[in-house]
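Results of the structural survey
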Amino acid sequence: MKRLLRVIGTGVLGVALFASLPVIANAVPSITNCDGELASGTYQRVVVPDGAVCLSEGPVTVRGGLFIGSGATFVLGSEESPGSTGTISGGVHATDPASVQIHFATINGGIDIHGGSGPFGGPFDITWNAIEDNHINGAVTVDGYDGFWFGFIRNAVHGSVNLNNNVLFDEDGNEYVTNTIHGSLNCAGNSPAPQVGDSEGDPNVVTGAKTGQCTAA
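The sections below set out a description of the structure shown in this document. Remember, it's a predicted structure, so these values are computed and weren't measured experimentally. (Residues numbered from 1 in each chain as written. Predicted model: local features only at pLDDT ≥ 70, side-chain atom pairs only at ≥ 80, totals over all residues. Heavy atoms only, no water.)

1. A word on unusual backbone geometry
- For the bond running from G58 to P59, omega is -5 degrees, close enough to zero to count as cis.
- In this fold, P59 is placed in the loop between β6 (53-56) and β7 (60-62).
- In this model, S191 is joined to P192 through a cis peptide bond whose omega is 0 degrees.
- Here P192 shows up in the loop between β23 (185-188) and β24 (205-206).
- For D96, which is not a glycine, the phi torsion comes out positive at approximately 55 degrees.
- Following the sequence through the fold, D96 ends up in the loop between β11 (92-95) and β12 (99-103).
- Positive phi outside glycine occurs at R154, with the angle close to 60 degrees.
- Summarising the element assignment, R154 is placed in the loop between β18 (149-153) and β19 (156-158). (Helix = DSSP H or I, 4+ residues; strand = E, 2+ residues; numbered from the N terminus.)

2. Notes on the pattern of salt bridges
- A complete count under the given rule lists two salt bridges for this structure.
- Put simply, E79 and R154 hold a salt bridge, and the shortest N to O gap is 3.3 Å. Taken together, the residues E79 in the loop between β9 (73-76) and β10 (86-89) and R154 in the loop between β18 and β19 connect sequence positions 75 residues apart.
- On the accessibility criterion, R154 (30% relative accessible area) is partly exposed.
- Residues R154 and D133 are paired through a salt bridge, measuring 2.7 Å at the closest nitrogen-oxygen approach. Taken together, the residues R154 in the loop between β18 and β19 and D133 in the loop between β15 (128-132) and β16 (135-137) connect sequence positions 21 residues apart.
- Judged by its relative accessible area of 16%, D133 is buried.
- A network of salt bridges, in which partner residues are shared, links E79, D133 and R154. (Salt bridge = Lys/Arg side-chain N within 4 Å of Asp/Glu carboxyl O. Buried < 20%, exposed > 50% of the residue type's maximum accessible area, 1.4 Å probe, protein only.)

3. Focus: the sheet that holds β12
- Taken in spatial order, the seven strands line up as β3-β6-β9-β12-β15-β18-β21 in an open sheet, and their pairing is parallel. In this open sheet, the two strands that pair with only one neighbour each are β3 (36-37) and β21 (174-177).
- The pairing of β12 with β15 spans three bridges and is parallel. Note on β15: the bridge partner recorded for Q101 is A130. (Pairing = 2+ DSSP bridges.)

4. Some points on the pairing of β15
- β15 sits mainly inside the fold: five of its five residues count as buried.
- Taking every second residue as pointing to the same face, both faces of β15 are buried, with W128, A130 and E132 on one and N129 and I131 on the other.
- Where β15 meets β18, five bridges bridge the pair, whose relative direction is parallel. Across the sheet, the residue bridging to N129 is F150, located in β18.

5. Points about the pairing of β23
- Summarising the sheet, strand β20 (residues 161-164) and β23 pair through four bridges and their orientation is parallel. Bridge pairing in β23 places V161 opposite L185.
- For β23 and strand β25 (residues 210-212), the ladder comprises three bridges, and the chain directions are parallel. Bridge pairing links C187 to G212 in β25.

6. Some remarks on the nonpolar core
- The biggest cluster of nonpolar side chains holds 41 residues, and the ones touching the most others in it are L66, I68, F74, I102, F150, F152 and L163.
- Setting aside residues up to four positions removed in sequence, F152 forms contacts with I131, I136, V140, V157, V161, L163, E175, Y176, V177 and N179.
- Residues V75, I126, W149 and I153 belong to the second largest nonpolar core, which totals ten residues. (Core = buried A, V, L, I, M, F, W, Y, C linked by side-chain atoms within 4.5 Å. Contact = heavy atoms within 4.5 Å.)

7. Some thoughts on the sheet that holds β7
- The eight strands are arranged β4-β7-β10-β13-β16-β19-β22-β24 in an open sheet whose pairing can be described as parallel. Two strands bound the open sheet, and with one partner strand each, they are β4 (41-43) and β24.
- The pairing of β7 with β10 spans three bridges and is parallel. Residue pairing across strands places V60 opposite G86, the latter belonging to β10.

Next comes the structure, spelled out in structure tokens:
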């Protein structure tokens, strides 16, 4: 399934970024509401409103946190384009998003994603979270995501990682592999159970405890 998502994501992101999407609009000087392309640059707080689609190739610097609303999609970078996409300080926060896809970024303040908006819809017709190849300083929690697929792959994390109650449509929908975690890795209530799938990943290196479904991951 990951190979299909890779093709869809890369193609749609490329088209979307160069198809004259609406530009970002500043609500107030310290808050940027993004619905369209997030251009390279420095921002304070970035907000992706409910139902909006925010796409960026980076590099971007976000100083006051990234906040993603219900049914919204945020994409930064691509697995197919290695290279730093920037720094997000203040953490990544999402409630019932369609998709959160972040690649090759430094994230200070951790990641907190709760809920989802179902496996179908959004700009790609299916929804997925891809948190891949990032340096994350702070705890990670993804709880209750109900999209099509979710990959947490090749991240270096300084903090505990909690991946719980993520019920995905795809039969290999929870792929948590090849991460280096300086903290604990806790997994429970995920369906399907965490697995390698077709990512060809390696077991996670975890300095703390591995618990629940991730005991052998």
